[in-house]
Amino acid sequence: LVMAIDIRFSRTFLMLGDFAGAPLALESFETVMDPARLMNAIAKRVRAILKKHDRAKQCEGIGLVIPGMVDQSTGRVLSSPQLGWKDVDVRDALTKSAGLPVHIENAPTACALARMWLGEHGVMVPQNFVYVTVSDGVGTAVVVNGELVRGHSSTAGEFGHIPLDLEGP
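Residues numbered from 1 in each chain as written. Predicted model: local features only at pLDDT ≥ 70, side-chain atom pairs only at ≥ 80, totals over all residues. Heavy atoms only, no water.

Caption draft 1: Main features of the pairing of strand E10 (residues 138-144). Where strand E9 (residues 129-134) lies against E10, six bridges are found, and the strand directions are antiparallel. Counted as the bridge partner of Val130 is Val142 from E10. Between E9 and E10, which pair antiparallel in sequence order, lie three residues. Both E10 and strand E11 (residues 147-149) contribute to a ladder of three bridges, which runs antiparallel. Paired with Val142 across the two strands is Val149, which belongs to E11. Taken together, E10 and the strand that follows it, E11, pair antiparallel across an intervening segment of two residues, in which Asn145 is found at a positive phi of about 55°. (Pairing = 2+ DSSP bridges. Helix = DSSP H or I, 4+ residues; strand = E, 2+ residues; numbered from the N terminus.)

Structure representation (structure tokens):
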């Protein structure tokens with residue numbers, strides 16, 4: 001089993017599920033913008049879900065997705081404009097407070113990986129695609145020849161907006 005956590009600007013979602021993505025428990029709460037307070041709130045909820053479902057010993061760890069640029073090697077959020085975070089440690093903080101190993105990933109990248117790994121029953125997964133997420137924000141992940149393109153500093157697929165009117169938004 002694994003605990004999947006999806007942090008978004010408006011809400012944070014937690015799901016206990018198996019490695020095929022089948023949910024056993026799902027809950028959400030309003031996202032707390034302070035990173036330390038959010039990691040503590042998540043850890044408390046993770047422990048409660050595992051205790052309620054008597055699955056603490058079966059949970060292999062936490063998969064955490066964040067909107068923005070993340071450094072997988074350090075577990076830090078380099079920049080998340082939606083959340084207002086820059087250079088924030090989330091992996092080590094959550095590992096310590098939840099007592100489980102944590103794997104952090106950019107949200108659109110996680111979606112592309114899930115598409116490649118889980119696919120759809122009876123449908124071949126394309127080898128080249130761009131996965132676009134539209135939620136509280138917009139993000140992309142790029143897959144070429146069946147491989148996720150991370151790019152320099154894991155920022156491939158990141159994009160922003162370009163004002164068409166210099167006086168406009």
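Caption draft 2: Region of interest: the side chain of Ser79. As for its position among the elements, Ser79 is in strand E6 (residues 76-80). Setting aside anything within four residues of it in sequence, one finds Ser79 in contact with Gly68, Met69, Trp85 and Lys86. (Contact = heavy atoms within 4.5 Å.)

Caption draft 3: Representation of unusual backbone geometry within the structure. Of note, the phi angle at Asp87 is positive, near 50°, even though the residue is not glycine. Turning to its location among the elements, Asp87 is positioned in strand E7 (residues 85-89). With a phi close to 55°, Asn145 is a non-glycine residue in the positive phi region. Mapped onto the fold, Asn145 is located in the loop between E10 and E11. Given the relative accessible area of 60%, Asn145 is considered exposed. (Buried < 20%, exposed > 50% of the residue type's maximum accessible area, 1.4 Å probe, protein only.)

Caption draft 4: Representation of the packing of helix H1 (residues 35-52) against helix H2 (residues 91-98). At their nearest, the axes of H1 and H2 sit 9 Å apart, and the two run at 40° to each other. Considered as vectors, H1 and H2 are oriented oblique to each other. Judged by the twist between their axes, the crossing of H1 over H2 is right-handed. For the pair formed by H1 and H2, the contact residues are Met39, Asn40, Ile42, Ala43 and Arg47 on the first element and Ala93, Leu94, Ser97 and Ala98 on the second. In terms of residue class, the contact of H1 with H2 is made up of six nonpolar, two polar and one charged. (Axes fitted to C-alpha atoms, helices over the stretch in contact; angles between N-to-C directions. Parallel < 35°, antiparallel > 145°, perpendicular 65-115°, else oblique. Left-handed = near helix turned anticlockwise from the far one by under 90°. Nonpolar A, V, L, I, M, F, W, Y, C, P; charged D, E, K, R; others polar.)

Caption draft 5: Up close: the nonpolar core. By size, the foremost hydrophobic cluster in this structure holds 31 residues, and its most contacted members are Met3, Ile5, Ile42, Ile62 and Leu94. Listed by contribution, the elements that provide at least two residues to this core are strand E1 (2-7), strand E2 (11-17), strand E3 (23-30), H1, strand E4 (62-66), E7, H2 and strand E8 (102-106). Per-element accounting of this core gives the leading share, seven residues, to H1. Non-local contacts of Ile42, meaning those with residues more than four positions away in its chain, are made with Ile5, Ile7, Thr12, Leu14, Phe29 and Leu94. Ala112, Val125, Phe129 and Ala141 belong to the second-largest nonpolar core, a separate cluster that totals seven residues. (Core = buried A, V, L, I, M, F, W, Y, C linked by side-chain atoms within 4.5 Å.)

Caption draft 6: Up close: the sheet that holds strand E5 (residues 69-71). Across the sheet, which stays open at both edges, the three strands sit in the order E5-E6-E7 with antiparallel pairing between neighbours. Pairing within the sheet leaves two strands with one partner each, and these edge strands are E5 and E7. The mean inter-strand angle of the sheet, taken between neighbouring strand axes irrespective of direction, is 15°. Bridge count for E5 against E6 is three bridges, and the pairing is antiparallel. Paired with Asp71 across the bridge in E6 is Arg76.

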